[in-house]
Amino acid sequence: MEHGEAAVFLRNQIVPQRSQLGRELKKKIRDRSAKVGVVGLGYVGLPLAVEMARKGYQVTGIDLMREKVDAVNSGMSYVLDVPSETLLSFVSANKIRATQSLAAVEKLDTLNICVPTPLRKNKDPDLSYVIAAVEAIRNHIRPGQLIVLESTTYPGTTREIVLPILEESGLKVGHDFFLAYSPERVDPGNQKYTTHNIPKVVGGVTARCTEVAVLLYEQFVESVIAVSSTDSAEMVKLLENTFRSVNIALANEMALTCHSLGINVWEVINAAKTKPFGFMPFYPGPGLGGHCIPIDPYYLTWKARMNGCEPRLIELAGHINSQMPAFTVRLIADALNEKGKTLKGSRILGLGVSYKRDTNDVRESPALQILEGLHGKGASIYFSDPYVSSINIKENTIKSIDLTAETLRSMDCVVILTDHSSVDYALVAKFSRLIVDTRNALQGYSRSDVVVL
Ligand code: SAJ
C-alpha cells in the first residue's frame with residue numbers, strides 16, 4: 001500500500017475511533033464511570049474534587065505539595081470550605097485519593113487544572129504553574145480525554161499557550177482530546193454560594209470541546225453557561241473581578257474625598273444604597289487583599305497593552321486601591337497626633353489581619369502592609385485575629401493576642417483592619433483609648449470619637 005493510502009487508511013480507521021471517543025467520554029461522564037482528576041488541590045481544586053466525589057465520580061487529586069497530598073489522603077482538610085469529616089468520608093469510600101504524580105493523568109478521563117496564576121514582581125502574568133502542569137499532562141495525555149483550565153488568566157491563554165503544548169503530543173484537539181476553559185468562581189467562606197450552586201461559564205476550543213465540558217459540569221453544577229470560545233470564558237472572569245476592583249477604587253476615592261470634606265462616607269454609601277435600582281454598594285477599606293481582585297485586573301491590562309489598548313481606568317483603579325494602606329497609616333498618625341502622641345513609641349493593635357472578614361487568608365492582605373508601615377515608623381505593633389494565629393512582619397513572627405479589656409486598655413490605638421463577625425466590638429468600643437475604624441465595624445456602637453476612613 002502506498003504511504004498516502006496507508007495514511008488515508010489509518011485516518012479512516014482513526015476517524016470512526018475519533019468520533020467514538022467523544023461518545024465514549026460522554027457516556028462515562030453520564031454514568032459516572034469517568035475517572036476525573038483535579039490538578040491543584042487549593043481553595044478551588046479541593047472543593048471541586050469533593051463536589052465531583054459527592055456526585056459519585058472517582059476523583060484523583062494531583063498536587064505538587066506532599067503535605068497537601070498526605071493531608072487529603074488522611075481526610076484532613078486545610079480548606080475552610082471543606083470540612084474534614086466530609087473529605088474523610090470520600091477518602092474512606094475510595095472516592096477521593098491524592099497523589100503528587102502527574103503520571104496518574106494516563107488513567108483519567110477528565111482533568112480540571114486549578115493551579116495558581118499569580119503576578120511576577122513587575123506585575124506581569126506568571127503562568128509558570130499552568131505551563132508546568134500542562135507540560136506534565138502533555139507527557140501523559142491520551143486519546144479521549146477532556147482537559148479544562150480553571151485558573152484565572154488573560155484571554156488567549158488556553159488557545160495560545162495550553163493548546164500548542166498539548167498538541168505537541170501529536171493528538172489533535174476536538175478529535176483526539178477535548179480542551180475548554182471554565183473560570184473558577186469560588187468565594188472562600190461563602191456559606192450560601194458553593195461549587196454546586198455557583199453558575200459555571202464554559203468555553204471550548206471547538207464546539208465539541210464545549211459540548212463535552214458543559215456535560216461534565218452539568219453533572220454537579222446547577223447552572224452551566226456555554227460561551228463561544230475559551231477567550232470569551234477567560235474574559236468573563238476578568239470582567240467580573242475588574243468590575244469589583246474599579247468599583248472598590250471608586251468607593252476608596254469617595255472616602256478620600258469625603259474625608260477632605262468632613263463627610264462620613266459610610267453614611268453616604270448606606271443612604272445611597274437605599275436606591276432600589278441602578279446602584280450597587282461598594283465600600284472603602286484599608287486596601288485590596290486576596291488572591292483575585294488585586295491580581296486579576298493586571299492579567300487583563302497586560303493583555304490589552306500587548307494588543308495596543310490603553311486600559312487607563314483599570315490601571316488607575318489599581319493605583320487608587322494601592323494607595324489605601326499608606327493613607328490608613330497617615331490616618332492613624334493623625335489620630336495619635338490629636339492625642340499628643342507620635343507613631344514612634346506608640347503601642348498599636350491591628351484588629352483583624354486577614355484580607356477580608358471571616359476568612360483566615362492573609363494573602364495580599366493590606367493589614368500586613370499597614371502593620372509593616374507602622375513598625376517602620378517606630379510603633380510597637382500587635383494584632384488580634386480569631387482566624388489567624390501568627391503573621392510575619394519584616395523578619396519578625398508575631399502571634400495573635402487575645403482581645404481582652406486589659407489588652408485594649410494597654411494600647412495607644414486600636415485599628416480595625418478586618419471586620420470579622422465574631423469579634424466583641426462592644427468590648428472594643430468600651431475599653432479602647434483610641435480607635436481607627438477602616439471598616440465601619442463600630443457603626444451602631446455609641447462611641448463618638450472613633451476615627452473612620
Ligand atoms: N473590598 C473592599 N470594598 C468592597 C469589597 C471588597 O475594600 O466593597 C476588599 C476586601 O476587603 C478584600 C478585597 O477587596 O480585601 C477583595 O474582596 P472581595 O470581596 O472581592 O473578595 P475576594 O477577593 O475573595 O473575591 C472573591 C472573588 N471570587 C472569585 O474570583 C471567584 C470575587 O469574584 C467575588 O465577587 C468575591 O469573592 C465576593 O463577592 O466575595
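Residues numbered from 1 in each chain as written. Predicted model: local features only at pLDDT ≥ 70, side-chain atom pairs only at ≥ 80, totals over all residues. Heavy atoms only, no water.

### Some remarks on the pairing of strand β8 (residues 224–227)
Note: strand β7 (residues 200–204) against β8, four bridges, orientation parallel. Bridge assignment links Gly203 to a residue of β8, and that residue is Val227. In the classification by handedness, the crossover that spans β7, the intervening helix α7 (residues 207–218) and the parallel β8 is right-handed. (Pairing = 2+ DSSP bridges. Helix = DSSP H or I, 4+ residues; strand = E, 2+ residues; numbered from the N terminus. Right-handed = clockwise from strand over helix to strand, strands pointing away.)

### Structural notes on the sheet that holds strand β10 (residues 380–384)
Strands in a sheet are paired, the pairing made by backbone hydrogen bonds, and the direction either parallel or antiparallel. Reading across from one edge, β10-β9-β13-β14-β15 is the order of the five strands in this open sheet, with parallel pairing throughout. Two strands in the sheet have a free side with no partner beyond their single neighbour: β10 and β15 (451–452). Pairing of strand β9 (residues 347–351) with β10, which is carried by five bridges, proceeds in the parallel orientation. For Leu351, the partnering residue across the bridge sits in β10 and is Ser384.

### Some thoughts on the site of the ligand
Around the ligand sit 18 residues in total, of which Asn241, Arg244, Tyr283, Gly289 and Tyr355 are the nearest. Contacts to the ligand include Lys237, whose side-chain N or O atom sits 3.4 Å from an oxygen atom. Between Tyr283 and the ligand, the recorded distance is 2.7 Å, taken from a backbone N or O atom to a nitrogen atom. A molecule is said to occupy a pocket when more than half its atoms come within 2 Å of that pocket's grid points, and by this definition the ligand occupies the second largest pocket. In terms of residue class, the shell around the ligand is built from eight nonpolar, three polar and seven charged. (Near = heavy atom within 4 Å. Polar contact = N/O pair within 3.5 Å; in protein donor to acceptor, adjacent residues only side chain to side chain. 1 Å grid on protein atoms, 1.4 Å probe; cavity = no way out; pocket = protein on both sides within 12 Å on 5 of 7 lines; lining within 4 Å. Sits in = over half its atoms within 2 Å of the grid points. Nonpolar A, V, L, I, M, F, W, Y, C, P; charged D, E, K, R; others polar.)

### Things to note about the pattern of salt bridges
For the coordinates displayed, the defined rule picks out 23 salt bridges. Among the salt bridges present, the one from Glu211 reaches Lys26, with a minimum N-O distance of 2.0 Å. Taken together, the residues span a long stretch of sequence, with Glu211 in helix α7 and Lys26 in helix α1 (residues 3–31) at a distance of 185 residues. Among the residues examined, Glu211 registers a relative accessible area of 41% and is labelled partly exposed. Here Lys200 and Glu150 are joined by a salt bridge, their closest N and O atoms 3.3 Å apart. Here the residue Lys200 occupies a position in strand β7, and Glu150 occupies one in the loop between β5 (145–149) and α6 (157–167), the gap between them amounting to 50 residues. We note that Lys200, like Glu150, is buried. Three or more residues are tied together by salt bridges with common partners; here these are Arg159, Glu160, Asp231 and Lys303. (Salt bridge = Lys/Arg side-chain N within 4 Å of Asp/Glu carboxyl O. Buried < 20%, exposed > 50% of the residue type's maximum accessible area, 1.4 Å probe, protein only.)

### Things to note about the packing of aromatic side chains
Applying the stated criterion across every chain yields a total of five aromatic pairs. Where Tyr154 meets Trp302, the ring centres are 4.8 Å apart and the plane angle is 45°; that geometry is what we call tilted. Placement of Tyr154 in the loop between β5 and α6 and of Trp302 in helix α10 (residues 296–306) is noted, with a sequence separation of 148 residues between them. Take Trp302: its relative accessible area is 22%, and that puts it in the partly exposed class. (Phe/Tyr/Trp six-rings, centres within 6.5 Å; stacked < 30°, edge-to-face > 60°.)

### Regarding the environment of Met235
If you trace the backbone, Met235 turns up in helix α8 (residues 230–261). Here the alpha-carbon distance between Met235 and Val246, two residues 11 residues apart in the chain, equals 16 Å. Sequence-distant contacts of Met235, that is, excluding residues within four places in its chain, are made with Pro155 and Leu300. (Contact = heavy atoms within 4.5 Å.)

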